Amino acid sequence: MAVHENTTPLVELEGINKIFGGIHALRDAHCRIHAGEVVALVGENGAGKSTLVKTMTGLYQPNSGTIRVKGQAVRLATAKAASEYGITAIHQETTLFEELSIVENIFMGHPRTKPSGLLDWAAMRSEAREHLERVNLDVEPTTLLKQLSLGQQHMVAIARALAEAADVVIMDEPTASLSSNEIEKLYVIIEKLRDLGKGILFISHKFDEVFRIADRYVVFRDGAFVGDGNIAEVTEHDLVKMMVGREVGTVFPKRAVEIGAPLLEVASLSNGIEFKDVSFTLHKREILGFYGLVGAGRSEVMRAIMALSPYPFTGQIRLDGVPANWKICGDAIDAGVVYVPEDRRNQGAILPLSIRDNIALPSMKRLARGIWPDKSAERRLAQEYGRVFEIRAASIEQPVEDLSGGNQQKVVLARWLATNPDVVIVDEPTRGIDVGAKSAVHEALAEMVEQDLSVLLVSSELPELMGMADRIIVMRLGEMVAEFTRDDFSAELIAAYATGARAPQPAREVA
Ligand SMILES: Nc1ncnc2c1ncn2[C@@H]1O[C@H](COP(=O)(O)OP(=O)(O)OP(=O)(O)O)[C@@H](O)[C@H]1O
Ligand SMILES: [Mg+2]
């Protein structure tokens, strides 16, 4: 793509330092974004990417350094100031208001007014409709945000950025909660923005999309800039090496284990709304994968098994041959079945509490001596699992809300696996987790399987499933459409069943 040596960047950061307590989150960091380019910012969990974004959008004040907008040094005291300088961001944690409508969310902070000074709702509604159309979201602007799916909410955040008419649009892991369909739409929007001469900063842990969408890359490690260049002149291998500072194996550490007797048997599960006639058997020490597009019903099935679904269902669940009539999620947990949800921010961690409390809480009863909590056992457990999942933090006493996004996710994984369950249901376990830590997560799962854990693995990443699973069940539109055993895994076939390009396989006998 274009070389920008001679043009003034839309925004330029130089010598930025940001220190939180004792944590040096940005060290002498620099970064430039030019008009008409998509820059991918990559780095490990905790590398400082989101901190950089927040510094660029007035949410954090740097301890030192310079920010220039179109060549002019500026101070971005607030998000509003940043927005007035033409910089807007879609943050990793969406900062939208669930109880408000789409219009209100889009225009909050920069409403359209009539000459009289009154709010011009009609204008805002029609403008909102235009922006929704641009992001291909076919809903009424008056819809409340909480009525939308996570992916749709993200599209609203993007519509909001468009409404601000920004020159620089920053997207912090925008695709983490989108379906593949929505991701394609987002790529088109990004390309359009670039062609309009906007500068886009794009953060992602997925290399396929970095190579697909970016013109230039910038790599951060431990809060510092380590390199940049044109995407066309770099390989994935080089990028990973720059990010991690060492070679990383991308092999999935599936280990040969002897699959045992049936453990969790699910028969004819239907709830009339989200899924129909789902039957499968998870064996001891087996990793059973679930593949499908977002909306295929995989997470909904898992939530039903965990007694977390708002809808009643029919069908049977047996654990170790015994009917499981779990009324609440706690019953399943007591029976040894735990669930690591996909939406970890809302369902996973208790943000104000420390890493230690988050990891130890579900295991407190097991660790207690009589009625007395065993604090030192809790600390050891948190330390052990923190190490296993490579949680990056100053100490295990740090509140989880101060951790980077990916590290928060590792805490949730650690918390449930630390309970020493018989069955774990993991939903998108490595989403938002960097390459290095990803293999740590896979390694940890494989090791626990060796020690008798059985796993239901829901993932939208086919390489992860094909690497880890013994069998893969493909779901589409709420039904099981195919099943593959490890010997006949085929990426093309699995994808074809998931998208409906192939008709469902004839039903198999339920074990
Ligand atoms: N509000 C805060 N208080 C204390 N420490 C913080 C705060 N925000 C971030 N940090 C620390 O700053 C460092 C950089 O975090 P940041 O969120 O920028 O990482 P990231 O590159 O976005 O990672 P991820 O890929 O996991 O999202 C981390 O060590 C994090 O713990
Ligand atoms: Mg982040």
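Given the structure is predicted, the values throughout are model-derived calculations rather than measurements.

Let's shift gears to the nonpolar core. One broad trend across soluble globular proteins is that nonpolar side chains are buried collectively. By size, the foremost hydrophobic cluster in this structure holds 50 residues, and its most contacted members are Ile359, Tyr385, Phe389, Leu417, Val455 and Val474. Looking at this core, you find at least three residues from each of domain 3 (260–336 + 452–511) and domain 4 (339–420). Core analysis: the next-biggest nonpolar cluster, separate from the first, contains 49 residues, Ile106, Ala128, Leu132 and Ile189 among them.

A contiguous nonpolar patch, built from Ile350, Leu353 and Leu361 and spanning about 190 Å² of accessible area, is present on the exposed surface. In this fold, leucine 361 is placed in the loop between α12 (355–360) and α13 (364–367). Accessibility expressed as a relative area gives 33% for leucine 361, which makes it partly exposed.

What follows concerns the site of ligand 1. Around ligand 1, 21 residues are found, and the nearest of them are Gly46, Lys49, Thr51, Ser404 and Gly406. Within the side chain of threonine 51, a nitrogen or oxygen atom sits 2.6 Å from an oxygen atom of ligand 1. The separation between an oxygen atom of ligand 1 and a polar side-chain atom of serine 404 is 2.7 Å. In the complex, 89% of the free accessible area of ligand 1, which totals 640 Å², lies under the protein chains.

In this section: the packing of aromatic side chains. Scanning the entire structure with this criterion turns up four aromatic pairs. A centroid spacing of 5.1 Å and a plane angle of 75° characterise the contact between phenylalanine 20 and tyrosine 60, whose relative ring orientation is edge-to-face. On the criterion of sequence distance, the pair formed by phenylalanine 20 in strand β1 (residues 11–20) and tyrosine 60 in the loop between α1 (49–56) and β4 (64–69) is long-range, its members being 40 residues apart. Residue class for tyrosine 60 comes out partly exposed when judged on its relative accessible area of 24%. With a centroid separation of 6.5 Å and an interplanar angle of 20°, the aromatic rings of tyrosine 385 and phenylalanine 389 are classed as stacked. Residue class for tyrosine 385 comes out buried when judged on its relative accessible area of 11%. Look at phenylalanine 389 and you get buried, because its relative accessible area is 0%.

Between helix α5 (residues 150–163) and helix α6 (residues 180–195), whose axes approach to 11 Å, the crossing angle comes to 10°. Classified by the angle between their axes, α5 and α6 sit roughly parallel to one another. Within the contact between the two elements, α5 uses Gly151, Gln152, Met155, Ile158 and Leu162 and α6 uses Glu182, Lys185, Leu186, Ile189 and Leu193. When the residues that make up the contact of α5 with α6 are grouped by side-chain class, the tally is six nonpolar, two polar and two charged.

Now for the domain arrangement of the protein. Domain annotation of the protein identifies domain 1 (1–86 + 166–248), domain 2 (96–164), domain 3 (260–336 + 452–511) and domain 4 (339–420). Each of domain 1 and domain 2 has a C-alpha centre, and these two points are 26 Å apart. Listed as interface residues are 14 residues of domain 1 and, on the opposing side, 14 residues of domain 2. Buried surface at the junction of domain 1 and domain 2, summed over both partners, amounts to about 1100 Å²; 63% is from carbon and sulfur atoms. Of all residues in domain 1, Ser177, Lys185 and Ile189 give up the largest surface area on contact with domain 2, accounting jointly for 36% of the area buried on that side. Summed over the shared surface of domain 1 and domain 2, the number is zero salt bridges. Linking domain 1 to domain 2 there are two residue pairs in polar contact (both at pLDDT 80 or more). Elements with a contribution of two residues or more to the side of domain 1 that touches domain 2: α2 (79–84) and α6. Take the side of domain 1 that touches domain 2: its biggest share by element is six residues, from α6.

Another aspect to go through is the pattern of salt bridges. Enumeration over the complete set of coordinates arrives at 29 salt bridges. Linking aspartate 215 and arginine 194 is a salt bridge whose minimum nitrogen-to-oxygen distance equals 2.8 Å. In this pair, aspartate 215 is assigned in the loop between α7 (207–213) and β9 (216–221) and arginine 194 in helix α6, connecting sequence segments 21 residues apart. Residue aspartate 215 is classed as buried on the basis of its relative accessible area of 9%. The buried category is assigned to arginine 194, whose relative accessible area is 15%. Salt-bridge contacts for glutamate 428 lead to arginine 431; the nearest nitrogen and oxygen are separated by 3.5 Å. The burial state of glutamate 428 is the same as that of arginine 431; both residues are buried. When salt bridges with common partners are traced through the structure, they connect Glu12, Glu14, Arg32 and Arg68 into a single cluster.

Although it is not a glycine, lysine 70 sits at a positive phi angle of roughly 50°. By the secondary structure assignment, lysine 70 is in the loop between β4 and β5 (72–74). Notably, aspartate 222 is not glycine yet its phi reads approximately 50°, a positive angle. Note that aspartate 222 resides in the loop between β9 and β10 (224–230).

With that settled, the discussion passes to the sheet that holds strand β20 (residues 479–485). Spatial strand order, β16-β17-β18-β13-β19-β20: six strands in an open sheet with mixed pairing. The sheet is open, and its two edges are formed by β16 (337–340) and β20, each paired on a single side. Along the sheet, successive strands turn relative to each other by an average axial angle of 15°, direction set aside. Bridge count for strand β19 (residues 471–476) against β20 is six bridges, and the pairing is antiparallel. Bridge pairing in β20 links valine 474 to alanine 482. Relative to the sheet, helix α18 (residues 491–499) contacts β13 (287–291), β19 and β20, its axis offset from that of β19 by approximately 25°.

This brings us to the sheet that holds strand β14 (residues 314–319). Spatially, β12-β11-β14-β15 is the arrangement adopted by the four strands of the open sheet, whose pairing is antiparallel. Only two strands of the sheet have a single partner each, and these edge strands are β12 (278–283) and β15 (322–323). Judged from the five bridges that link them, strand β11 (residues 262–270) and β14 form a sheet pairing that is antiparallel. Paired with alanine 267 across the two strands is glutamine 316, which belongs to β14.

This brings us to helix α8 (residues 236–244). Among the residues of α8, those classed as buried are Leu239, Val240, Met243 and Val244. The buried residues of α8 occupy an angular sector of 115° when projected down its axis, which confines them to one face. Those residues of α8 hidden inside the fold are in contact with β3 (37–42), α7, β9 and α16 (435–450). Backbone geometry just after α8 places glycine 245 at a positive phi near 80°.

What counts, and where the lines are drawn
- The written sequence of each chain sets the order in which its residues are numbered from 1.
- Key to labels: chains lettered from A, ligands numbered from 1, both in the order written.
- The model is predicted, so local features are restricted to residues of pLDDT at least 70 and side-chain atom pairs to those at 80 or more, both for listing and for counting; the totals for chains, interfaces and linings are taken over all residues.
- Only hydrogens and water are removed before side-chain values are computed, so all heavy atoms of the structure are retained for them.
- Definition used in this section: a nonpolar core is a set of buried Ala, Val, Leu, Ile, Met, Phe, Trp, Tyr and Cys residues joined via side-chain atoms within 4.5 Å.
- The rule is simple: take the accessible area with a 1.4 Å probe, protein chains only, and divide by the maximum for that residue type; under 20% is buried, over 50% is exposed, in between is partly exposed.
- Each domain span listed reflects an automatic or database assignment of domains.
- Patch members must show over 30% relative accessible area and no salt bridge, and they are joined within 9 Å when carrying like charges or within 5 Å when they are nonpolar side chains of Val, Leu, Ile, Met, Phe, Trp or Tyr.
- Areas reported here follow the Shrake-Rupley algorithm with a probe of radius 1.4 Å; residue values treat only the protein chains shown as occluding.
- A side-chain nitrogen of Lys or Arg and a carboxyl oxygen of Asp or Glu constitute a salt bridge if their distance falls within 4 Å.
- Numbering of helices and strands runs from the N terminus, with a helix taken as a DSSP run of H or I at least four residues long and a strand as a DSSP run of E at least two residues long.
- We call a residue near a given molecule or strand whenever any one of its heavy atoms falls within 4 Å of it.
- Contacts described as polar in this section are N or O atom pairs within 3.5 Å, which, within protein, must combine one atom able to donate a hydrogen with one able to accept it, while residues neighboring in sequence count only if both atoms come from side chains.
- Ring pairs shown here join Phe, Tyr and Trp side chains whose ring centres sit within 6.5 Å, with only the six-membered ring taken for Trp; geometry is labelled stacked below 30 degrees between planes, edge-to-face above 60, and tilted in between.
- For every element, the axis is a line fit to its C-alpha atoms; helices are fit only across the contacting stretch, and the angle between N-to-C directions ranges from 0 to 180 degrees.
- What sets the label is the angle itself: under 35 degrees gives roughly parallel, over 145 gives roughly antiparallel, 65 to 115 gives roughly perpendicular, and the rest give oblique.
- In what follows, residue pairs with any heavy atoms lying within 4.5 Å of each other are defined as contacts.
- Just so you know the grouping, Ala, Val, Leu, Ile, Met, Phe, Trp, Tyr, Cys and Pro go in nonpolar, Asp, Glu, Lys and Arg go in charged, and all remaining residues, Gly too, go in polar.
- When two components associate, each loses some accessible surface as probed by a 1.4 Å sphere; the sum of these losses over both components is called the buried area.
- When DSSP finds at least two bridges between two strands, those strands are taken to pair.
- An arc is given here, and it is the one of the directions from the helix axis to the C-beta atoms.

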